[in-house]
Amino acid sequence: MVSFDEMHRRSLEDPEGFWAGAAEAVHWHERWDRVLDASDPPYYRWFSGGKLNTCYNALDRHVKAGRGDQTALIYDSPVTDTVRHYSYSQLRDETAKLAGAMAARGVGKGDRVIIYMPMVPEAIMAMLACARLGAIHSVVFGGFAANELATRIDDCAPKLVLSASCGIEAARIVPYKPLLDAAIMMAVHKPERCIVLQRPQERCELMAGRDEDWAEVMATAEPHDCVPVAATDTLYVLYTSGTTGQPKGIVRDTGGHAVALTWSMRHIYDIKPGEVYWAASDIGWVVGHSYIVYAPLMYGATTVVYEGKPVGTPDAGAFWRVIQQHKVATLFTAPTAFRAIRQQDPNGELLRDYDLGDFRALFLAGERCDPDTLEWAQEKLGRPVIDHWWQTETGWSIAANCLGVEALPIKPGSPTRAVPGWDLKVLDTDGREMAPGTIGAICGKLPMPPGTFPTIWGAKERYSKTYLREYPGYYQTGDAGYLDEDGYVFVMARTDDIINVAGHRLSTGAMEEVLASHPDVAECAVIGVADTLKGQLPVGFMVLNKGVERPDAEIVKEVVAMVRDRIGPVAAFKQATVVPRLPKTRSGKILRATMRQIADGESYKTPATIDDPTILDEIDESLQGIGLAQRQA
Ligand SMILES: CCC(=O)SCCNC(=O)CCNC(=O)[C@H](O)C(C)(C)COP(=O)(O)OP(=O)(O)OC[C@H]1O[C@@H](n2cnc3c(N)ncnc32)[C@H](O)[C@@H]1OP(=O)(O)O
């Protein structure tokens, strides 16, 4: 048995040998010419010359290997009171038919397809059908507003949109179709067609000439075979928040993704083919792409598609019910889900109603895991609770405790160590490596391992500027933190204006753009303040134009509605306050970090460059007005 240290060392000393070995677990239509193409640094490509098909790896190969009857997907939807099982054969057949229907409508290799769907099996078929054709999908999370969908439509110019009449949240039905119609109306690019899944909970109107009913389309569809694509071809584009309202289309290539994700199932999650693996996330996020859809299926495990919440569907025992009923071996979710469960069932009493005999480990990611939550989950579950760290950009773990290699001691607050393929350094502003225990910018030495993003869709310059330029030879993660003496990673904060709300990555810059567009707002700032359930919540500060005499509360109500309308309910923007001035440096930079420290009740030093220190008192007072500040200067 190779130790973790040995495996990590080998991955860095001989990356080509290491990943070529891992690539043997993937089916290739043509083998690669080069494992790592390093001819154009700082841009690297994995498995160039190779050809494969991700859908073939996820479905057909298991059927051909005689495992067609094994359950591939369990759809568990407490909000519709449904549990449905799909075998690998059934999922392959449905996916092949959908791919055939798409091909009959002109979708082929390299075409983009937007998927705007709730957590239903058809959404997974939609992703796999794109992969089958070599078309590029871009899944948009249902909690985003029409404007966000329109931005993505314009950026990736899809030929087709696959959608549904509605999503179902714990307390309400969310009609998707009006949002889709509004988005297409707003967008400059017009997709040729939309195929819409009519859900019985709320059917929708179809637009003649553009929209088609999913069931009717499938009734006449002919199955389509897998189209081999280059390993370096794009499998999908997934948008993530940037520092402005223009999101970044993270590009995922085909070959590196298949290799890294397949490898991760055994080595990180310690899963065996045939076991049940559940990522309680949403296909709109990278965790959903990687660990609801691609990794478990490529590896031959059974995946769970859960349309529900950790609480309220119907109670805080929902996760334990799913684990027991489907014999889940590993659960992967966000810490906020466990904070929600703990809030409602602090003593874990509901756990006693269920038998979790098959359950081996809980993995957490999506936001920093506070030691309190980790320790609570560990104590109540009596299983290893593994915090791991990754990003939309990387597609899989940067740091983790690789249970399938060697379980390392857990240090609460740390996602353990850089996984094989990642050489992490903490750098100061001059690019010098910092001593253990000292906070700086966490950076990964190039090349990044397979599965990580080779570029931003249509924006190579933005890719280079955002991630590669500040620290030459490194990927700048945008996270700040430190490594301890044992090489454990501690991720402490973002170095940009991204905040993390219930595991959802959001840009305060994008929210500021919305606030600034209100006619009465002269200037504004949005910061993320600590929240016991969601980790962080956005709070807005507005300076009004001279002469505005309308009540503050009215303006606050309007900007709250504007953010919900333009970004979406997922932003959870519910608090804002009017202030006389914003604290700034003498050069005019808004002191957002100090404002956040005041809001969080942290002790802080008045910045030496502040223009007028008395403004901090005004911020404190305003925060107290909305029940937030406990000043500790
Ligand atoms: C595993 C790592 C990751 O994948 S992180 C990304 C995924 N994050 C998670 O899975 C975190 C788990 N968190 C949760 O389950 C919830 O956030 C908990 C903690 C239960 C709170 O629920 P809730 O109060 O509804 O907040 P929320 O953040 O889920 O939603 C905020 C508002 O957005 C809405 N929303 C959410 N998802 C959708 C969707 N798919 N389609 C349409 N709307 C959606 C919610 O209804 C909520 O709206 P409202 O403000 O209550 O009206």
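Residues numbered from 1 in each chain as written. Predicted model: local features only at pLDDT ≥ 70, side-chain atom pairs only at ≥ 80, totals over all residues. Heavy atoms only, no water.

**Q** Looking at this structure, I do not really get the layout of surface pockets. What am I missing?
**A** Unfilled space is identified by rolling a water-sized probe across the atoms. Taken as a whole, the second largest pocket spans an internal volume of roughly 450 Å³. Lining the second largest pocket are 21 residues; nearest its centre among them are Ala22, Ala25, Trp263, Arg266 and His267. Where the lining of the second largest pocket is concerned, the elements lending two or more residues are α1 (4-13), α2 (15-23), α3 (54-67), α9 (255-267) and α10 (286-299). By residue number, the principal contributor to the lining of the second largest pocket is α9, which donates 5 residues. Among the residues making up the lining of the second largest pocket, the classes are represented as 12 nonpolar, 5 polar and 4 charged. (1 Å grid on protein atoms, 1.4 Å probe; cavity = no way out; pocket = protein on both sides within 12 Å on 5 of 7 lines; lining within 4 Å. Points joined across faces, edges and corners; volume = space filled by probe spheres on them. Helix = DSSP H or I, 4+ residues; strand = E, 2+ residues; numbered from the N terminus. Nonpolar A, V, L, I, M, F, W, Y, C, P; charged D, E, K, R; others polar.)

**Q** Explanation requested: the site of the ligand in the structure shown.
**A** Around the ligand sit 29 residues, and of these Glu169, Arg172, Ser281, Lys309 and Arg564 come closest. In the complex, 85% of the free accessible area of the ligand, which totals 1,000 Å², lies under the protein chains. Of all the elements in the fold, those that place two or more residues in the shell around the ligand are β18 (328-333) and α12 (335-344). Taken together, the residues of the shell around the ligand sort by class into 14 nonpolar, 8 polar and 7 charged. (Near = heavy atom within 4 Å. Areas by Shrake-Rupley, 256 points an atom, 1.4 Å probe, with all protein chains shown as cover.)

**Q** Is there a simple way to think about the confidence of the model for the protein chain in this case?
**A** Predicted coordinates in areas of low pLDDT are best not read in detail. Put simply, the protein chain has an average pLDDT of 96, and 99% of its residues get 70 or more. Reported for the predicted complex are a pTM of 0.94 and an ipTM of 0.94. (pLDDT = per-residue confidence, 0-100.)

**Q** What is the right way to read the packing of aromatic side chains from this model?
**A** Geometry of an aromatic ring pair is reported as the spacing of the ring centres plus the angle between the planes. Counted under the stated rule, the structure contains 35 aromatic pairs. Ring centres of Trp32 and Phe47 lie 5.2 Å apart, and the angle between their planes is 70°; on these two criteria the pair is classed as edge-to-face. Note that Trp32 is positioned in the loop between α2 and β1 (34-40) and Phe47 in strand β2 (residues 43-48), a separation of 15 residues in sequence. The burial state of Trp32 is the same as that of Phe47; both residues are buried. Ring pairs connect the aromatic residues Tyr43, Trp422, Phe453, Tyr463, Tyr467 and Tyr475, which therefore count as one cluster. Over the aromatic face of Tyr488 sits the side chain of Lys411, whose NZ or CZ is 4.3 Å from the ring centroid. Between Lys445 and the ring centre of Tyr474, over which it is positioned, the NZ or CZ distance is 6.0 Å. (Phe/Tyr/Trp six-rings, centres within 6.5 Å; stacked < 30°, edge-to-face > 60°. Buried < 20%, exposed > 50% of the residue type's maximum accessible area, 1.4 Å probe, protein only. Lys NZ or Arg CZ within 6 Å of the ring centre and 35° of its normal.)

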